[in-house]
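Topology and contacts: notes
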Amino acid sequence: MHLLFFIFFFSISLHAAEVERSDISPVWSSHFVDFAIATDSVAQLQYVGFYDQDRKMTIAMRSLLSNDWQFKTLPQTTGWDSHNYISMATDDSGYIHVSGNMHNVPLVYFRSSKPYSIENFESLSMTNSNETMVTYPIFIKGIEKGELFFQYRDNANSTSTTIWNKYSTST
């Protein structure tokens, strides 16, 4: 199975129309798991996070003016769990944030080493607290300039707690 990229336009009546299609890469398709997309309209770049045909977490990047994709494979392999979807966002400084492949396991979080680049990603913790039994990662951009939040469930000690981290580009 190939990952096909579609851009849809939604009108107020919620009807969709295909605007663009791009064949990106063969992907793992033996069980359902959500992939991620992030678009940086200022830099005119688009990123897609998915599991490739070997179940490896992969980030693809392209210019919005091209269908030529660059690829970076991250050191994560998904199993048979649909909880292990990928979440991704860019911050106002151009760094790419990726999290996923988690169902009650330690936090899996990567940030690009350089803005607007998928060449290298660093595997990081966020706060070193409540990051041992993580599920349901979601990046959310705030309404104020520069706000990037990370929401997840921590299930340590059998208490499901929803955690919100606010990312600071300066610190």
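Values in this document were obtained by computation on a predicted structure and should not be read as measured data.

**As for the overall build of the protein**
A tally of regular secondary structure across the protein gives zero helices and 14 strands. Taken from N to C terminus, the helices and strands of the protein fall in the order β-β-β-β-β-β-β-β-β-β-β-β-β-β. For the protein, buried positions account for 42% of its 171 residues. Considering only contacts in the protein between residues 6 or more positions apart, those separated by 24 or more positions represent 42%. Roughly 9,400 Å² of accessible area belongs to the protein as shown, and the carbon and sulfur atoms make up 52% of that amount.

**Comments concerning the sheet that holds strand E7 (residues 86-90)**
Strand order in the open sheet formed by four strands is E7-E8-E10-E11, and the pairing between neighbours is antiparallel. Looking at strand neighbours, the two that pair on one side only are E7 and strand E11 (121-123), the edges of this open sheet. Ignoring strand direction, the axes of neighbouring strands in this sheet form an average angle of 20°. Where E7 lies against strand E8 (residues 96-100), five bridges are found, and the strand directions are antiparallel. Directly across from Met-88, in E8, lies its bridge partner Val-98.

**Some points on the packing of aromatic side chains**
For the structure on display, the rule yields six aromatic pairs. Centroid distance Phe-139 to Phe-150: 4.8 Å. Interplanar angle 45°. Geometry classified as tilted. Taken together, the positions of Phe-139 in strand E12 (residues 134-141) and Phe-150 in strand E13 (residues 148-154) put the pair eleven residues apart, joining distant regions of the chain. Each of the two residues, Phe-139 as well as Phe-150, counts as buried.

**So, unusual backbone geometry**
Look at Gln-44: it is not a glycine, yet its phi comes out positive at around 60°. With respect to the secondary-structure elements, Gln-44 resides in the loop between strand E3 (36-40) and strand E4 (45-51).

**Digging into the pairing of strand E10 (residues 109-112)**
Pairing between E8 and E10: three bridges, direction antiparallel. Opposite Val-98, over in E10, you have Phe-110 as the bridge partner. Relative to E11, E10 runs antiparallel, the two sharing three bridges. What sits directly across from Ser-112, in E11, is Phe-121.

**Things to note about the pairing of strand E5 (residues 56-63)**
Burial runs high along E5: six of the eight residues are buried. In textbook terms, the turn of a hairpin is the stretch between consecutive antiparallel strands, and for E4 and E5 this stretch comprises four residues, one of which, Arg-55, has a positive phi near 70°. Note: E5 against strand E6 (residues 70-77), five bridges, orientation antiparallel. Looking across to E6, one finds that Ile-59 is bridged to Lys-72. Between the antiparallel neighbours E5 and E6 lie six residues.

**Re the environment of Gln-46**
Counting through the fold element by element, Gln-46 comes out in strand E4. Counting along the chain gives 15 residues from Gln-46 to Met-61, while the straight-line C-alpha distance between them is 5.6 Å. Among the polar contacts listed, one links the side chain of Gln-46 to the side chain of Thr-39, at a separation of 2.7 Å.

**Section: the nonpolar core**
If you look at the biggest cluster of nonpolar residues, it comprises 30 residues, and the most contacted ones within it are Tyr-47, Met-88, Val-98 and Phe-121. Looking at this core, the elements that each hand over two or more residues are E3, E4, E5, E7, E8, E10, E12 and E13. With near-sequence residues (within four places) excluded, Phe-121 lies in contact with Ile-59, Lys-72, Leu-74, Ile-96, Val-98, Phe-110, Arg-111, Ser-112 and Ser-113. Residues Val-27, Val-48, Ala-60 and Trp-69 belong to the second largest nonpolar core, which totals six residues.

Procedures and definitions
- Residues numbered from 1 in each chain as written.
- Predicted model: local features only at pLDDT ≥ 70, side-chain atom pairs only at ≥ 80, totals over all residues.
- Heavy atoms only, no water.
- Helix = DSSP H or I, 4+ residues; strand = E, 2+ residues; numbered from the N terminus.
- Buried < 20%, exposed > 50% of the residue type's maximum accessible area, 1.4 Å probe, protein only.
- Contact = heavy atoms within 4.5 Å.
- Areas by Shrake-Rupley, 256 points an atom, 1.4 Å probe, with all protein chains shown as cover.
- Pairing = 2+ DSSP bridges.
- Axes fitted to C-alpha atoms, helices over the stretch in contact; angles between N-to-C directions.
- Phe/Tyr/Trp six-rings, centres within 6.5 Å; stacked < 30°, edge-to-face > 60°.
- Polar contact = N/O pair within 3.5 Å; in protein donor to acceptor, adjacent residues only side chain to side chain.
- Core = buried A, V, L, I, M, F, W, Y, C linked by side-chain atoms within 4.5 Å.

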